[in-house]
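The primary structure of each chain is shown beneath.
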Amino acid sequence: MGTLRDLQYALQEKIEELRQRDALIDELELELDQKDELIQKLQNELDKYRSVIRPATQQAQKQSASTLQGEPRTKRQAISAEPTAFDIQDLSHVTLPFYPKSTQSKDLIKEAILDNDFMKNLELSQIQEIVDCMYPVEYGKDSCIIKEGDVGSLVYVMEDGKVEVTKEGVKLCTMGPGKVFGELAILYNCTRTATVKRKK
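Since the model is a prediction, treat every value here as computed from it, not as a measurement.

Trainee: Would you take a moment to explain the pairing of strand S3 (residues 163-167) for this structure?
Mentor: Along a regular strand, successive side chains alternate from one face of the sheet to the other. The pairing of S3 with strand S4 (residues 170-175) spans five bridges and is antiparallel. Looking across to S4, one finds that Glu164 is bridged to Thr174. Here S3 folds back onto S4, and the loop between the two strands holds two residues, one of which, Glu168, carries a positive phi near 50°. Of the pairings in the sheet, the one linking S3 to strand S6 (residues 195-198) comprises four bridges and is antiparallel in character. Of the residues in S6, the one forming a bridge with Glu164 is Lys197.

Put into structure tokens, the structure is as follows:
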């Protein structure tokens, strides 16, 4: 009898040990899933930054290759950098333009900015200034809004219609209303990384 009880007690201990191990495995699987999500998120962010950096790197590689092949090197025309002795008082007299617009247009622009991975982290006051400064521009069908390689100084928010985005002649995507485009050239002080044409 004592042996049977000992066996039952030992069996219960083993069952409890297995439950604890199962609980630990469940915890570790959950942690693994969370880390997989984080890796995927970081990979997406890395891909976005690579899309900005690659065009500049490819252009530099082409230039260095042409120099090695005996072609004369073109002299750099300008260098852009953040000012080292910037005084905010210098901007105190600057008045940003204001263009009246409907509440619907304001909301569309604000939502588009907040949905954009590169602009969503701006301060709300900065977003409001951008909303106030934006003005309507109309483009006909098949009009070229942005040309790859050009210097850009405007950011666009699509209010209606569709645009097609291409890079080196290859279609990347089609965008509809409520999307920001043209922001990379402004944010990173680089040339336009893709061509955008109005489709309908």
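Having seen the model, we can carry on.
Trainee: When you look at the packing of helix H2 (residues 103-115) against helix H3 (residues 124-133) in this model, what are you seeing that I'm missing?
Mentor: H3 packs onto H2 with a crossing angle of 130° between their chain directions and a minimal axis gap of 10 Å. Relative to H3, the element H2 lies oblique. The element H2 and its partner H3 pack so that their crossing is right-handed. Between H2 and H3, the contacting residues are Lys106, Ile109, Lys110, Ile113 and Leu114 on the first element and Ile127, Ile130 and Val131 on the second.

Trainee: Just checking my understanding: could you explain the environment of Asp115 for this structure?
Mentor: As for its position among the elements, Asp115 is in helix H2. Remark: the alpha-carbon pair of Asp115 and Val180, spanning 65 residues in sequence, is separated by 8.4 Å.

Trainee: What is the right way to look at the packing of aromatic side chains in this model?
Mentor: In this description, a pair of aromatic rings is defined by centroid distance and the angle of the planes. With the rule as written, the count across this model stands at three aromatic pairs. Look at Tyr139 and Tyr156: their rings are 6.3 Å apart centre to centre, the planes differ by 65°, and that puts the pair in the edge-to-face class. Residue Tyr139 is located in the loop between H3 and strand S1 (144-146), and its partner Tyr156 is located in strand S2 (residues 156-157); the two are separated by 17 residues in the primary sequence. Since its relative accessible area comes to 13%, Tyr156 is described here as buried.

Trainee: Quick question: what am I supposed to make of H2 here?
Mentor: Think of an α-helix as 3.6 residues a turn; residues three or four steps apart then line up on the same face. Here H2 spans 18 Å end to end across 13 residues, near enough to the 18 Å set by a 1.5 Å rise per residue. Considered for burial, the residues of H2 that qualify are Ser105, Ile109, Ala112 and Ile113. Down the axis of H2, the buried set is contained in an arc of 100°. They therefore lie on one face. Those residues of H2 that are exposed and aimed more than 90 degrees away from the buried face are Thr103, Gln104 and Glu111. Buried residues along H2 sit in contact with H3, S2 and strand S5 (180-181).

Trainee: Can you walk me through a negative patch on the surface in this structure?
Mentor: Taken together, the side chains of Asp22, Asp26, Glu27, Glu29, Asp33, Asp36 and Glu37 define an acidic patch exposed on the protein surface. By secondary structure assignment, the location of Asp36 is in helix H1 (residues 2-68).

Trainee: Any chance you could explain the pattern of salt bridges here in plain terms?
Mentor: When the charged atoms of two side chains with opposite charge come close together, those side chains can pair. This model, assessed by the stated rule, comprises eight salt bridges. Lys199 serves as the salt-bridge partner of Asp142, at 3.5 Å between the closest nitrogen and oxygen. Taken together, the positions of Asp142 in the loop between H3 and S1 and Lys199 in the segment after S6 put the pair 57 residues apart, joining distant regions of the chain.

Basis of the calculations
- Residues numbered from 1 in each chain as written.
- Predicted model: local features only at pLDDT ≥ 70, side-chain atom pairs only at ≥ 80, totals over all residues.
- Heavy atoms only, no water.
- Pairing = 2+ DSSP bridges.
- Helix = DSSP H or I, 4+ residues; strand = E, 2+ residues; numbered from the N terminus.
- Axes fitted to C-alpha atoms, helices over the stretch in contact; angles between N-to-C directions.
- Parallel < 35°, antiparallel > 145°, perpendicular 65-115°, else oblique.
- Left-handed = near helix turned anticlockwise from the far one by under 90°.
- Contact = heavy atoms within 4.5 Å.
- Phe/Tyr/Trp six-rings, centres within 6.5 Å; stacked < 30°, edge-to-face > 60°.
- Buried < 20%, exposed > 50% of the residue type's maximum accessible area, 1.4 Å probe, protein only.
- Expected span 1.5 Å × (residues − 1).
- Arc of directions from axis to C-beta.
- Patch = residues over 30% accessible without salt bridge, like charges linked within 9 Å, V, L, I, M, F, W, Y side chains within 5 Å.
- Areas by Shrake-Rupley, 256 points an atom, 1.4 Å probe, with all protein chains shown as cover.
- Salt bridge = Lys/Arg side-chain N within 4 Å of Asp/Glu carboxyl O.
- Lys, Arg positive; Asp, Glu negative; His and termini not counted.
- Charge placed at Lys NZ, Arg CZ, Asp CG, Glu CD.

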